[in-house]
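# Observations on chain architecture
Now for the letters of each chain:
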Amino acid sequence: MQNKKRNVIVGQSGGPTAAINSSLAGVYKTAIDRGYKKVYGMIHGIQGFIEGRYIDLAEHIESSLDIELLKRTPAAYLGSCRYKLPEIHEDKALYEKIFEMLDKLQIDCFIYIGGNDSMDTIKKLSDYAIITGSKIRFVGCPKTIDNDLALTDHTPGFGSAAKFIATSVKEVIRDGWSLETKNGQVVIIEVMGRNAGWLTGATVLAKGEDCDGPDAIYLPEVTFDVEKFVKHTKDLLKKKASVVIAISEGIKGKDGRYISELSDVTDYVDAFGHKQLTGAAVYLAKVVAERLECKTRAVELSTLQRAASHMASLVDITEAYEVGGAAMKAADEGDSGKMIVIVRLSDDPYQAGTEVKDVHRIANDERRVPREWISKDGTYVTDEFVTYVEPLIQGEVGPIMVDGLPRHLYRPGLHDLF
Ligand code: F6P
């Protein structure tokens with residue numbers, strides 16, 4: 001019988017992670033196993049595709065070793081984008097163009113690996129397919145270190161970032177005890193996550209038999225008060241000479257402004273209207289140094305926290321791969337306008353599976369840390385938070401080391417297209 005399956009196209013979108021390529025590997029392997037002829041990769045997501053940039057992945061992933069390398073290569077192998085498609089009624093010509101391009105490539109399944117903004121792309125394209133009667137299926141594969149996607153227990157990428165962040169916080173705490181400083185010292189660590197405090201909360205995992213953990217944790221879910229912060233820090237300094245505090249990049253004062261805006265580090269705004277959040281720790285370290293006359297240091301984990309594949313979580317990399325496979329399977333079996341979600345079956349032993357949910361309920365939404373998982377005074381997270389996050393950082397999946405450094409999947413030819 002003739003194989004009626006034609007081709008697949010996959011793209012990566014939004015902020016990169018240490019696990020996004022593992023999902024790409026899962027999509028690719030499943031598509032091939034299910035009999036698709038070609039798997040195309042969009043270069044820089046839908047934005048690059050509109051400009052005609054895509055590749056045939058078979059020319060770049062040549063062996064099972066390449067798939068293993070891809071799973072362990074951080075950042076978006078295909079390149080990513082933060083690009084918002086216009087509403088259908090605003091630019092029908094653009095949608096016609098995209099669908100013409102997809103038809104020309106004989107695409108049956110379109111898989112997009114991304115976060116809440118990226119799911120907006122799946123939503124709009126699947127809506128347009130319904131309007132025009134196109135048979136192309138559009139399925140989203142969740143990804144974001146921020147862990148802020150609705151309906152899923154957690155998102156691939158989060159566990160590895162959380163593992164790196166908790167490890168780094170533990171190392172900074174250790175460092176803090178090494179030297180004695182006049183009036184003590186305060187280190188403020190700024191963690192990504194935008195308006196959701198999942199990653200900042202994960203710094204609590206530094207706490208254990210051999211470490212006190214951070215002395216305070218400030219999430220964006222609670223309004224930030226600079227005066228209360230200074231007072232709390234002062235109290236902590238009375239008890240210990242080295243204080244380590246984790247803050248989210250997204251903490252806001254009661255006027256609704258990000259604390260980072262007080263630092264004047266940058267005014268950059270992306271296509272989704274998101275301000276670049278950076279500088280909150282620098283600002284607060286300056287305030288504390290002036291007011292408490294102590295040594296301070298601002299540590300911004302920045303890009304390191306989403307690119308640290310040397311500290312990846314085995315649970316995360318494995319789930320990312322499986323979720324990629326599940327997205328491909330769902331599209332192959334006829335789903336469209338859907339996203340794969342992870343469903344937790346138990347905490348201990350940790351068990352999880354996947355389900356398929358309507359992307360219209362997910363796109364553009366933000367899932368934040370429940371208030372009851374944050375201490376009453378807003379300066380720490382509760383045991384429930386720990387129970388939730390702990391299983392997600394378990395297990396190691398080290399890089400393949402060559403000449404003392406991690407080897408990544410890299411094709412010079414591919415990068416010429418960027
Ligand atoms: O999208 C995830 C994320 O890592 C956020 O946590 C963060 O605010 C943002 O991306 C930073 O993106 P960029 O490095 O492009 O400024």
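Look up a bit, the structure's there.
To keep things clear, this report deals only with the structure shown in the data block. Everything numeric in this text was worked out from a predicted model, so none of it was measured. (Residues numbered from 1 in each chain as written. Predicted model: local features only at pLDDT ≥ 70, side-chain atom pairs only at ≥ 80, totals over all residues. Heavy atoms only, no water.)

## Quick notes on the site of the ligand
Around the ligand, the neighbouring residues are Gly 15, Arg 82, Ile 145, Asp 146, Met 192, Gly 193, Arg 194, Glu 249, Gln 276 and Arg 306. Take Gly 193: an N or O atom from its main chain is 3.0 Å from an oxygen atom of the ligand. In the environment of the ligand, an oxygen atom lies 2.5 Å from a nitrogen or oxygen atom belonging to the side chain of Glu 249. Notes on the ligand: free accessible area 400 Å², of which the protein chains cover 80%. Counting atoms within 2 Å of the grid points, the majority share of the ligand lands in the largest pocket. Residue composition of the shell around the ligand, grouped by class: 2 nonpolar, 3 polar and 5 charged. (Near = heavy atom within 4 Å. Polar contact = N/O pair within 3.5 Å; in protein donor to acceptor, adjacent residues only side chain to side chain. Areas by Shrake-Rupley, 256 points an atom, 1.4 Å probe, with all protein chains shown as cover. 1 Å grid on protein atoms, 1.4 Å probe; cavity = no way out; pocket = protein on both sides within 12 Å on 5 of 7 lines; lining within 4 Å. Sits in = over half its atoms within 2 Å of the grid points. Nonpolar A, V, L, I, M, F, W, Y, C, P; charged D, E, K, R; others polar.)

## Comments concerning the layout of surface pockets
Here the largest pocket defines a volume of roughly 850 Å³. Around the largest pocket, the lining is made up of 41 residues, and of these Gly 15, Arg 82, Arg 194, Asp 270 and Arg 306 lie nearest the centre. For the lining of the largest pocket, the secondary-structure elements that each account for two or more residues are α5 (116-132), β6 (185-191) and α10 (304-307). The element contributing the most residues to the lining of the largest pocket is α5, with 3 residues. Residues lining the lining of the largest pocket come from more than one domain, with at least three contributed by each of domain 1 (7-156 + 311-365 + 394-415) and domain 2 (160-305). Lining the second largest pocket, in full, are Tyr 218, Leu 219, Val 222, Thr 223, Phe 224, Asp 225, Lys 228, Phe 229, His 232, Asp 377, Gly 378 and Thr 379. For the lining of the second largest pocket, the element with the most residues is helix α8 (residues 226-239), which contributes 3 residues. In terms of residue class, the lining of the second largest pocket is built from 5 nonpolar, 4 polar and 3 charged. (Points joined across faces, edges and corners; volume = space filled by probe spheres on them. Helix = DSSP H or I, 4+ residues; strand = E, 2+ residues; numbered from the N terminus. Domains from an automatic or database assignment.)

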